[in-house]
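# Examining the three-dimensional arrangement
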Protein chains: 2
Amino acid sequence: MGQPLDDAGLDTLFRTARSFNGYTDEPVTEADIRAIYDLLKMGPTSANMQPARFVWLLSQEGKDKLASFSSGTNAEKIRKAPAAVIIAMDLDFNEQLPWLFPHAPTAKDWFGDVDGRTPHAFRNSSLQGGYFILAARALGLDTGPMSGFDNAAVDAAFFPGQPNIRSNFISTLGHGDPSSIFDRLPRPEFEKFNRVE
Amino acid sequence: MGQPLDDAGLDTLFRTARSFNGYTDEPVTEADIRAIYDLLKMGPTSANMQPARFVWLLSQEGKDKLASFSSGTNAEKIRKAPAAVIIAMDLDFNEQLPWLFPHAPTAKDWFGDVDGRTPHAFRNSSLQGGYFILAARALGLDTGPMSGFDNAAVDAAFFPGQPNIRSNFISTLGHGDPSSIFDRLPRPEFEKFNRVE
């Protein structure tokens, strides 16, 4: 139903957009972060569960803390980036359903115990992580998503006393420095990973 | 680095976009599907693994087959939609890394056994599912993502003899009929699910 994007918009989101290793000195502000969240939160999730929980790190102290739990080259990227973010998930997302999915009073009980809820939290917080990446790009920002870090250590450091909150992935955020990246990696022809029936 | 989208673009992707229960009679073509994939495949995945595998159902026979494994109201939505898609994942995605991540010849062995690879396949195919939803919107199409279906039955029916391929979620696809949806469900204030440090 929406108006299709023009070529510049498709480039910004997908075609020329890249993940960045380094960024310009231009800062990321709390207003930028709130604008990203105001877009990404509109993306669809199962039963409107919105299980993603975000910790946005603007301070050097916060970025250094996250970097200390990240592998090799990732740590340096995080320390130097204008901002970093932890995309986490709430395994007890169902506690929020009475107000997020108000027309179905039993929705809180649809997703079983924590083992039953975990794949829903993982799938839907990952979807929201994808919305984060594309919302940042839509606003002219760039990201550098990463999964090479010590999840348990990040969870203990950033979510103490909240065993229901688990980190999913992390990302840097800023205005990308083109000199920090290499050529784009291969993308397949349609036939490789798709079929039509 | 990209040019920020204008208000119409942000509406198309996030602000006024919706998941649809029903669609107009306007068909979805194979050209539409290929255009969606050409965008979504550009989205980032860990080590360029691109674990998502897509089965696009344009025929009534294909849609009926998927509907037969879907719960209650989902089945009827699938049968009547112009198209449906299975977003699946390849747990043996690492076999593709020699050509998808060619500068790191050992990448094929980075992700361990199938238990180690599964969360990477799940996270990254979910990200690619998010790219699918937003790529469709960017091209003026609409989606109706769903996870209420019998995964094992879908896998047996659509991926026989391929135990490494597992369905993640499914979606309808078409040009949304505004009369098929209700009011948008609640979205939280920033403070509810975010913090800044």
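Residues numbered from 1 in each chain as written. Chains lettered and ligands numbered in written order. Predicted model: local features only at pLDDT ≥ 70, side-chain atom pairs only at ≥ 80, totals over all residues. Heavy atoms only, no water.

Looking at an unreviewed UniProt entry, one finds chain A named Malonic semialdehyde reductase and attributed to Sphingomonas canadensis.

## Considerations on the interface of chain A and chain B
As a reminder of what qualifies: The criterion used for residue contact is that any of the two residues' heavy atoms lie within 4.5 Å. Any Lys or Arg side-chain nitrogen found within 4 Å of a carboxyl oxygen on Asp or Glu counts as a salt bridge. We call Asp, Glu, Lys and Arg charged. Ala, Val, Leu, Ile, Met, Phe, Trp, Tyr, Cys and Pro are nonpolar, and the rest, Gly among them, are polar.
Tallying the contact residues gives 81 residues for chain A and 81 residues for chain B. Where chain A packs against chain B, one counts 2 salt bridges. In this structure, A:Arg34 engages B:Glu191 in a salt bridge whose closest nitrogen and oxygen atoms are separated by 2.5 Å. Among the residues forming the side of chain A that touches chain B, the class breakdown is 44 nonpolar, 21 polar and 16 charged.

## Focus: the pattern of salt bridges
Using the following cut-off: Numbering of helices and strands runs from the N terminus, with a helix taken as a DSSP run of H or I at least four residues long and a strand as a DSSP run of E at least two residues long. Note on exposure labels: buried denotes an accessible area under 20% of the residue type's maximum, exposed denotes more than 50%, and partly exposed covers the range between, all computed with a 1.4 Å probe on protein chains only.
On inspection of all chains with the given rule, the structure shows 22 salt bridges over all chains. A salt bridge links B:Glu76 to B:Lys80, with the shortest nitrogen-to-oxygen separation between them at 3.3 Å. Here B:Glu76 pairs with B:Lys80, and both are found in helix α4 (residues 72-80), just 4 residues apart, close to one helical turn. What makes B:Glu76 partly exposed here is its relative accessible area of 37%. Assessed through its relative accessible area of 64%, B:Lys80 is described here as exposed. Residues joined by salt bridges that share partners form a network here, namely A:Asp7, A:Asp11 and A:Arg15.

## Thoughts on the sheet that holds strand β5 (residues 194-196) of chain A
Operational definition: Should DSSP find at least two bridges between two strands, the strands are taken to pair. Where helices are involved, their axes are fitted lines through C-alpha atoms of the stretch in contact, as for all axes, and angles between N-to-C directions lie from 0 to 180°.
As summarised here, the arrangement of the 5 strands in space is β5(A)-β1(B)-β2(B)-β4(B)-β3(B), forming an open sheet in which the pairing is mixed. Pairing within the sheet leaves two strands with one partner each, and these edge strands are β5 of chain A together with β3 (142-146) of chain B. When strand polarity is set aside, the average angle formed by the axes of neighbouring strands in this sheet is 20°. Direction of pairing for β5(A) relative to strand β1 (residues 52-57) of chain B: parallel, over a ladder of 3 bridges.

## A look at the pairing of strand β3 (residues 142-146) of chain A
Residue and element names in this part refer to chain A. Of all the 5 residues making up β3, 4 are buried; the element is thus mostly covered by neighbouring parts of the structure. Pairing geometry for β3 and strand β4 (residues 165-174), over 5 bridges, is antiparallel. Paired with Asp 142 across the strands is Gly 174, a residue of β4.

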